[in-house]
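One-letter residues, chain by chain:
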Amino acid sequence: MSKFIFITGGVLSALGKGIAAASIGKLLESHGYSITIKKFDPYLNVDPGTMSPFQHGEVYVTDDGAETDLDLGHYERFTSTNTTQAHNWTAGRIYASILKKERQGKFLGKTVQVIPHMTNEIKDAFRSAAEKNDIVIIEIGGTVGDIESQPFLEATRQMRLEYGKDNTLFIHLTLVPYLKTSKELKTKPTQHSVRELRAIGIQPDILLCRTDRPLSKKIKSKISLFTNVPYEAVITAKDVDIIYEIPLFFAKEKLDEIILNKLKMPVNSRKLDDWEEMVEKMKSPKDEVNISLVGKYSGLPDSYLSLNQALYHAGTAHQLKINISWIEAEEIEKGSPEDKLKNTDGILVPGGFGIRGIEGKIKTITYARTKRIPYFGICLGMQCAVIEFARNIAGLTKANSTEFDPNTSHKIFFKWRELKGIRDLGGTMRLGKFLCRLKKGTLAAAAYDKTSVYERHRHRYEFNPEYEQILSDKGLVISGKNPQHNLVEVIEIRNHPWFLGCQFHPEFKSKPLNPHPIFKSFIGASYAYRTKRNQSQ
């Protein structure tokens, strides 16, 4: 039978429950156990797919096309978990399922209530696919005390009643702030958070105390006394410079051993050598490279969380420190790209939706193409690269996407549902894993060192095949296609050191121990550009 670990958060949001869950998963895998991790969010949206990145950060896409919370990205980067639709549940999705059953008469005329009907639905989601794993880690989103999270916490309480103490574990992440005025750590927020949790019937087994400095024995003893958590289970969750250090920090605190002992599971030898080596490489780069990220949501780095991490992974592969300059595309529209990009070694334009900032991105791409700076366009960044090429190289000055100008005379991109022969796909976006066949002798094929790859997608608009020959004749290289529907996946430009755009999102498949090949190639080209530029100065 699977064991269940429940992770809750208190005091305030954004303490890092997702990274804590992923780090615990990493540690348990290092002992040889099979694990999976799920996220339960208390908001009423069915999924985060329609939410603004400024509201919720990036939308993480799984192989099966689920639009999910960004924490699932942490789960995949830290562990071997391959997340799916079944790994992210929201209150909206739970309610939708219950109401559908009610309309179908499956409750046999009963009054449908939060308890037991909603809590039963949540517990069924907790248990789904559990039998395939030794341990199921469940992150409960939100903050203890929020009204919307109460049904999830009640379902969590019931799991202890049904499965017993040896098969369930409650971990609570809380905050121990340091007050500069009195020069002391304060435990009261943690005391109140645990009191709130205990009031609904959950006694934490372990406390992860988020803090900017080590907790003294005196502080740990005080927290233990007032929360009824054993001293050894009061864990310092200290801020670190690199998030991938957290599993190693928790290992020093013996968190994994405490968890396994409480779950009555053997404490096998821990194997983290490759992870320790990777972290050490991240902490001791041999040089650096400057990457300019020109986007629409640059004001909130979480909007591009997976992309940032993919850049750092690639930097580690080359033993380089990655310096990311966040540039709003609208700022480029107001002036010369030179003002913002003159010291860059590589330019990346990421995905996004809508017309805001588009002309700034196109100006950025013109600058990268003419100055021969390595350019990497992802999703919308690929589309803008093709539009820029069509306008300035192929002479199609009105070239555009119907997303930005429905009446353009040159529809270089339009909704894939409008493309001949693929109406049967349904839906409004191409989501999830699709096959891409790469052309031999191209940058993409060289980067992957293979010609068939699967990548994840999230977009509505596709390249118009009517323009393939026109643009190819002018030097655009179609280096990757989806063979099933003849959809363009990767483009390059002839006679440029490194210029590549992809319709998919490679950042979703990058891991610190296995950096994505295109990101590795891009960072390598950017460093080569930097080296050549420095030599010429």
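For the structure, see preceding data.
Concerning the overall build of the protein chain
Now for step 1: Tallying secondary structure elements over the protein chain gives 19 helices and 23 strands in all.
Now for step 2: The C-alpha atoms of the protein chain give 25 Å as radius of gyration, which agrees with the globular expectation for 537 residues (24 Å, within 12%).
Now for step 3: Along the first, second and third principal axes, the C-alpha set of the protein chain runs to 75 × 65 × 45 Å.
Now for step 4: Evaluated residue by residue, the protein chain yields a buried proportion of 57% over its 537 residues.

Quick word on the side chain of Thr408
Now for step 1: Mapped onto the elements of the fold, Thr408 is located in the loop between strand S16 (399-401) and strand S17 (410-415).
Now for step 2: A relative accessible area of 5% places Thr408 in the buried class.
Now for step 3: A polar atom in the side chain of Thr408 sits 3.3 Å from the backbone nitrogen of His410.
Now for step 4: Apart from the residues lying within four places of it in its own chain, the contact partners of Thr408 are Lys398, Ala399 and Asn400.

Regarding helix H15 (residues 358-370)
Now for step 1: With 13 residues, H15 should cover 18 Å at 1.5 Å per step; its first-to-last C-alpha distance of 19 Å lies within 8% of that length.
Now for step 2: Inspection of H15 places Ile358, Gly360, Lys361, Ile362, Thr364, Ile365, Tyr367, Ala368 and Arg369 among the buried residues, and these make up the whole buried set.
Now for step 3: Looking one or two places after H15, you find Arg372, whose phi comes out positive at around 60°.

Points about helix H5 (residues 114-127)
Now for step 1: Helix length check: H5, at 14 residues, gives a terminal C-alpha distance of 18 Å against a target of 20 Å (1.5 Å per residue), a fit within 8%.
Now for step 2: Among the residues of H5, those classed as buried are His117, Met118, Thr119, Glu121, Ile122, Lys123, Ala125 and Phe126.
Now for step 3: On its buried face, H5 sits against strand S1 (3-9), strand S2 (35-41), strand S5 (88-90), helix H4 (91-103), strand S6 (135-140) and helix H6 (150-163).
Now for step 4: Ala129 sits one or two residues past H5 and shows a positive phi near 65°.

A closer look at the packing of aromatic side chains
Now for step 1: Under the definition given, this model contains 17 aromatic pairs.
Now for step 2: Note on Tyr375 and Phe499: the rings are 4.8 Å apart at their centroids and 35° apart in plane angle, and the pair reads as tilted. One end of the pair, Tyr375, is in strand S15 (residues 375-378); the other, Phe499, is in strand S23 (residues 499-502), and 124 residues separate them in sequence.
Now for step 3: Given the relative accessible area of 0%, Tyr375 is considered buried.

Some points on the sheet that holds strand S10 (residues 206-211)
Picture the strands of a sheet paired through backbone hydrogen bonds; they go either parallel or antiparallel.
Now for step 1: The seven strands lie next to each other as S5-S2-S6-S1-S7-S10-S11, forming an open sheet whose pairing is parallel. A strand with exactly one partner marks an edge of an open sheet, and here the two such strands are S5 and strand S11 (234-238). Neighbour to neighbour, the strand axes of the sheet diverge by 20° on average, direction disregarded.
Now for step 2: As paired elements, strand S7 (residues 168-175) and S10 share five bridges and run parallel to each other. Within S10, the position partnered with Leu175 by the bridge is Arg210.
Now for step 3: Along the sheet, helix H1 (residues 17-30) makes contact with S1, S2, S6, S7 and S10, crossing S6 at roughly 170°.
Now for step 4: Running over the sheet, helix H10 (residues 255-262) touches S1, S6, S7, S10 and S11 and is turned about 160° from S10.

Some remarks on the pattern of salt bridges
Proximity of charged atoms lets side chains of opposite charge pair with each other.
Now for step 1: For the structure on display, the rule yields 33 salt bridges.
Now for step 2: Arg458 serves as the salt-bridge partner of Glu67, at 2.7 Å between the closest nitrogen and oxygen. Of this pair, Glu67 sits in strand S4 (residues 67-68) while Arg458 sits in strand S19 (residues 452-459), and the two are 391 residues apart along the sequence.
Now for step 3: Overall, Glu67 belongs to the buried group, its relative accessible area being 12%.
Now for step 4: One salt bridge in this structure joins Glu154 and Arg157, with 2.7 Å as the shortest N-O distance.

Basis of the calculations
Residues numbered from 1 in each chain as written. Predicted model: local features only at pLDDT ≥ 70, side-chain atom pairs only at ≥ 80, totals over all residues. Heavy atoms only, no water. Helix = DSSP H or I, 4+ residues; strand = E, 2+ residues; numbered from the N terminus. Rg over C-alpha atoms; globule rule 2.2 N^0.38 Å. Buried < 20%, exposed > 50% of the residue type's maximum accessible area, 1.4 Å probe, protein only. Polar contact = N/O pair within 3.5 Å; in protein donor to acceptor, adjacent residues only side chain to side chain. Contact = heavy atoms within 4.5 Å. Expected span 1.5 Å × (residues − 1). Phe/Tyr/Trp six-rings, centres within 6.5 Å; stacked < 30°, edge-to-face > 60°. Pairing = 2+ DSSP bridges. Axes fitted to C-alpha atoms, helices over the stretch in contact; angles between N-to-C directions. Salt bridge = Lys/Arg side-chain N within 4 Å of Asp/Glu carboxyl O.

What is shown is where atoms sit, not what they do.
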